[in-house]
Amino acid sequence: MASLFSTYFQTFYKPRKTFEELSRTTSPLKYSFFFIAIPIVFYTLMYVFLTIANGAPSTLTPWLNIPKEDYYAINRFLLAPAMLICWFAATSFIQICSRLMGGIGTFEQTLVTIALSISIAMWGGLIHDLPMSFLSAIGVIDARQHEIDMNSPTIFRTILWICYAIYFIAFLTLFPLAVRVVHKINWPKSFVVGVLAFIIFQSVFLVFNR
C-alpha cells in the first residue's frame, strides 16, 4: 500500500518517470484499479454531500432524463460505472490507434497509465468541487445559490474556471505523455492520440455527469 501511494504522489512532480516505472510493473491491474478508485470515491462523496445539501443544477439541464431535483442523488450511483466506461473507452482507443501507428505497448500498460492520468488530472476539478460540496452539506454555504453563483460573473465562477483550466491542462499533458511512454511513438502522434482519447473520455463523462 505504501508503494501504491508513493507511486501516486510521485506523478505530480515526475509523471514521465512514474509512467516508465508502471510500464515495467508485474502487477498493472492492481495499480490500475487503485488509481481509478480514487476519483470514483471522491466524486461519489461529492454527490453524497450535494444530496445532503439538497443541491440541484441551476442553468445546465442534465442530458439524461433525470429531474434536476433528483440529479445529484441518482449520480451517486451513476458516477462509478460512468467513470469505468470512460476509462475503458479512452484506453481502448489509445491502444488501437497506437498499435496501428507502430506502438509497442500492451493493453495493461495503457490501462494503468491512463488510470493514473485520469486520477491525477481530476484533482483539478476536485480541489473545487469536493470542498464546496462539503461546505454545502454542513450548511456553511447554500448549494443551490452556489450553483447560480458559479454560472454568473462572480469570484466563484472565476475560481471554478481556474480549477477546470488546471483540469484540462493536466489531461492534455498526461494523456499524450502516457501514449509516448507506453507505445514509443513520436510526439506528434502521441499528442494527437492523447487529445482524441481525452475528447472521448470527456464526452462520455459529460453524458452521465453534466
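Look up a bit, the structure's there.
Our subject in this report is the structure included herewith.

The rules behind each value
- Residues numbered from 1 in each chain as written.
- Predicted model: local features only at pLDDT ≥ 70, side-chain atom pairs only at ≥ 80, totals over all residues.
- Heavy atoms only, no water.
- Helix = DSSP H or I, 4+ residues; strand = E, 2+ residues; numbered from the N terminus.
- Polar contact = N/O pair within 3.5 Å; in protein donor to acceptor, adjacent residues only side chain to side chain.
- Contact = heavy atoms within 4.5 Å.
- Salt bridge = Lys/Arg side-chain N within 4 Å of Asp/Glu carboxyl O.
- Buried < 20%, exposed > 50% of the residue type's maximum accessible area, 1.4 Å probe, protein only.
- Expected span 1.5 Å × (residues − 1).
- Patch = residues over 30% accessible without salt bridge, like charges linked within 9 Å, V, L, I, M, F, W, Y side chains within 5 Å.
- Areas by Shrake-Rupley, 256 points an atom, 1.4 Å probe, with all protein chains shown as cover.
- Phe/Tyr/Trp six-rings, centres within 6.5 Å; stacked < 30°, edge-to-face > 60°.
- Disulfide = S-S within 2.5 Å.

Attention shifts here to the side chain of Ser23. The topology assignment puts Ser23 in helix H2 (residues 15-23). There is a polar contact of 2.9 Å between the side chain of Ser23 and the backbone oxygen of Phe19. If we skip the residues at most four places from it in the chain, Ser23 touches Gln109, Thr113, Val181 and Val182.

Scanning the model with the defined rule gives one salt bridge in all. Close ionic contact of Arg16 with Glu20 constitutes a salt bridge, the shortest N to O distance being 3.3 Å. Placement of the pair is Arg16 and Glu20 together in helix H2, with a separation of four residues, close to one helical turn. Residue Glu20 is classed as partly exposed on the basis of its relative accessible area, which comes to 31%.

With 23 residues, helix H9 (residues 187-209) extends 32 Å between its outermost C-alpha atoms, agreeing within 8% with the 33 Å of an ideal straight helix rising 1.5 Å per residue. Of the residues making up H9, those classed as buried are Ser190, Val193, Gly194, Val195, Ala197, Phe198, Phe201, Gln202, Phe205 and Asn209. In this structure, the buried residues of H9 make contact with helix H3 (28-52), helix H4 (68-100), helix H5 (107-121) and helix H8 (155-183). Capping the start of H9, Asn186 holds a side-chain oxygen 2.9 Å from the backbone nitrogen of Lys189, two or three residues further along.

A few words on a nonpolar patch on the surface. Side chains of Phe5, Phe9, Phe12 and Tyr13 sit close together on the surface and give an oily, nonpolar patch of about 470 Å² of accessible area. Along the chain, Phe9 turns up in helix H1 (residues 2-10).

Considering the arrangement of structural elements, one finds Ser133 in helix H6 (residues 123-137). Apart from residues lying up to four places away in sequence, Ser133 is in contact with Met46, Phe49 and Leu50.

With that out of the way, let us pick up the environment of Ile36. Following the sequence through the fold, Ile36 ends up in helix H3. Spatially, the C-alpha atoms of Ile36 and Phe49 are 21 Å apart, while their sequence positions differ by 13 residues.

Below, the discussion takes up the packing of aromatic side chains. Tallied over the entire structure, the rule returns 24 aromatic pairs. Each ring, one from Phe42 and one from Trp123, has its centre 5.3 Å from the other, and the planes form 55°; the classification is tilted. Placement of the pair is Phe42 in helix H3 and Trp123 in helix H6, with a sequence separation of 81 residues. Classification of Phe42 by relative accessible area gives partly exposed; the value is 28%.

A disulfide bridge is the covalent bond that connects two cysteines by way of their sulfur atoms. Under the definition given, this model contains zero disulfides. Here Cys86 stays free of any disulfide, with the sulfur of Cys97 as its closest cysteine sulfur at 17 Å. In this structure Cys86 comes out as buried when scored by relative accessible area, which is 0%.

No statement about biological role is implied by the geometric values presented.
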